[in-house]
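Analysis of the macromolecular model
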Amino acid sequence: MSNEKRDSWGSRSQFILASIGSAVGLGNAWRFPGLAAKHGGGAFLMVYLLAMLVLGIPFLMMEISIGRKMHRGVPGALRAINKKTEPVGWFAVSNAFVIAVYYAVVFAWVIMMAFASYKFAGLTGTAEASSVASGIWASMIKTTGTTSGYGTFSLPVLGCLVLAWVLIYTCIRNGPQTVGKVVKYTVFLPIICLLILAIKGIIMPGSEDGLYKFFVPDFSSLTEAEIWIDAIGQVFYSLSIMMAIMVAYGSFLKEDSNIAKDAIIIAFSDFAISVLSGIVLFTTMSGTGMLENMTASGIGTAFIVYPQSIVLLTKSGVANAIFAFVFYFCLCTLAIDSAFSIIEGVSTAVADKFHLSHKKTTLYICIVASVLSLWFITGAGLAWLDIVDNWCNAFSLILVGVLEAVTIGWLFDPKKVLKEVNRNTNSFKMPEWWFVTSIKILAPITLTGFFLWNLVALFKSGGIYGASDGYSLASNIIGGWIVMILCIVSGFIVKLVEKSLEKKGYKPDEDVWEDTAE
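Before going into details, it helps to say that this report is about the structure given with it. (Residues numbered from 1 in each chain as written. Predicted model: local features only at pLDDT ≥ 70, side-chain atom pairs only at ≥ 80, totals over all residues. Heavy atoms only, no water.)

So, on to a nonpolar patch on the surface. There is a patch of nonpolar side chains on the surface, built from Tyr 185, Phe 188, Leu 189, Ile 192, Ile 196, Phe 325 and Phe 329 and spanning about 670 Å² of accessible area. Within the residue set of the nonpolar patch, elements represented by two or more residues are α10 (188-202) and α16 (317-354). In terms of residues, the nonpolar patch owes the most to one element, α10, which gives four residues. Residue class for Phe 329 comes out partly exposed when judged on its relative accessible area of 30%. (Patch = residues over 30% accessible without salt bridge, like charges linked within 9 Å, V, L, I, M, F, W, Y side chains within 5 Å. Areas by Shrake-Rupley, 256 points an atom, 1.4 Å probe, with all protein chains shown as cover. Salt bridge = Lys/Arg side-chain N within 4 Å of Asp/Glu carboxyl O. Helix = DSSP H or I, 4+ residues; strand = E, 2+ residues; numbered from the N terminus. Buried < 20%, exposed > 50% of the residue type's maximum accessible area, 1.4 Å probe, protein only.)

Quick look at the structure:
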């Protein structure tokens with residue numbers, strides 16, 4: 001299939017901004033600070049930075065470069081490298097699709113809270129007001145907190161979910177052309193919002209305690225295995241790797257792009273915004289006397305703990321309501337880039353594989369995903385989201401990383417990929433010892449260890465069928481094991497569809513990786 005008509009980014013800045021927008025999401029705003037609070041503040045920052053340098057940046061460069069080289073989504077790119085590894089790409093795509101389904105619901109919750117910020121107008125610093133604030137989100141989503149209660153439905157969440165999907169489709173309906181225009185605003189808006197919130201947090205009395213806890217390392221935490229596992233997991237999730245996104249974004253790059261430099265810019269921008277988010281949450285929580293209430297649960301921090309702190313910010317209910325709106329609007333702008341980038345990775349893979357219109361493919365995927373996301377706005381939705389999210393990130397996402405690293409590091413030649421990474425750069429070249437060692441040795445070993453650690457923790461806490469979330473056997477089989485297995489076998493299902501279509505005249509792409517001439 002010819003690549004002559006493939007869309008491309010309008011400029012280098014569009015690609016960088018889109019990639020930063022994809023990388024910077026809700027995980028930066030709430031999970032990163034929560035993990036820092038859990039693991040000794042500055043100690044977590046140190047481990048995270050090390051993990052980003054050793055594993056995150058090489059993996060990011062690898063995915064962008066194979067996308068640009070083959071001008072395909074991740075299944076097509078891996079097929080060109082080794083036909084037998086195409087199912088690995090579909091594993092990544094299908095897992096990303098599942099993530100998109102429930103991520104849109106979280107996006108809808110954030111939109112809902114932005115609209116509901118007026119509810120903070122009558123709430124100021126009392127215990128009663130704090131209790132009311134912490135219950136706003138729960139009362140609006142009407143959750144049972146269990147995997148039963150499907151009859152309960154929240155109309156506000158439904159309306160916000162529809163809006164979320166309309167926004168997602170609108171942003172990516174024409175691929176890089178519309179994405180490039182949108183990210184000019186959606187990347188800078190959250191930075192402006194975070195700066196405003198950070199300034200407010202820093203000038204609050206007692207904020208210095210929060211800054212101390214965030215930046216000063218508790219070195220005793222470095223001896224715990226969990227800090228390393230959480231940091232590595234956050235790096236891979238935060239940089240949007242192993243989710244089909246960066247390969248798709250790389251496939252729209254022009255041949256003269258400088259991947260080595262751009263990946264460094266993307267990674268450190270992501271880290272900087274994570275740190276800025278940490279400053280916001282640590283100073284605000286400290287200034288309102290709630291520093292010890294921070295948890296690694298992003299949803300708990302954003303929708304329960306943070307509303308409690310908002311009513312303690314000032315003695316003016318109107319000012320608190322304005323602050324609430326700015327905070328949740330900031331989360332909206334963080335969420336939308338990540339949400340539409342996940343769908344972009346999925347639609348690019350499907351459209352490339354079956355030679356379909358990108359715009360129509362995106363529309364159909366959004367429709368299917370939006371229907372499936374209704375499951376998560378029922379009374380049982382929060383519990384199911386918790387289960388599926390745990391499995392997608394703690395198991396499927398990590399397993400995708402292991403398989404991608406083995407594909408490039410052992411079934412192919414990582415030096416050929418490195419050649420693509422360094423093709424258009426002179427001032428900075430990714431060193432071979434850094435890239436090859438990471439992809440071929442460190443990534444497979446580390447991610448396999450991460451996967452096994454999570455598996456052992458799963459067995460210890462709830463038996464082979466259970467999970468550490470405390471949910472039932474049946475719910476973990478349905479939302480965990482079955483979903484993961486379906487993602488794993490998705491590539492073989494695509495192969496059956498391909499064979500069926502071949503009888504009707506369909507011809508799959510037979511591109512192969514050819515070394516670029518010096």
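Continuing now.
In this section: unusual backbone geometry. The backbone phi angle of Met 242 is positive, close to 70°, even though this residue is not glycine. Inspection of the secondary structure puts Met 242 in the loop between α12 (225-238) and α13 (245-251).

This brings us to the packing of aromatic side chains. Within this structure, the stated rule accounts for 26 aromatic pairs. Seen from their ring centres, Trp 137 and Phe 303 are 5.1 Å apart, and the 15° between their planes marks the pair as stacked. Of this pair, Trp 137 sits in helix α7 (residues 136-141) while Phe 303 sits in helix α15 (residues 298-310), and the two are 166 residues apart along the sequence. Accessibility assignment for this pair places Trp 137 and Phe 303 in one class, buried. Relative to Tyr 506, the ring of Phe 354 has its centre 6.1 Å away and its plane inclined at 40°; by these criteria the two rings are tilted. With Phe 354 in helix α16 and Tyr 506 in the segment after α21 (473-502), this pair connects stretches of sequence that are 152 residues apart. On the basis of relative accessibility, which here comes to 19%, the residue Phe 354 falls in the buried class. By relative accessible area, Tyr 506 is classed as buried at 13%. In textbook terms, an aromatic cluster arises when at least three aromatic residues are bridged by ring pairs, as seen for Trp 30, Trp 109, Trp 137, Phe 303, Tyr 306, Phe 327 and Tyr 328. (Phe/Tyr/Trp six-rings, centres within 6.5 Å; stacked < 30°, edge-to-face > 60°.)

By themselves these figures say nothing about function.
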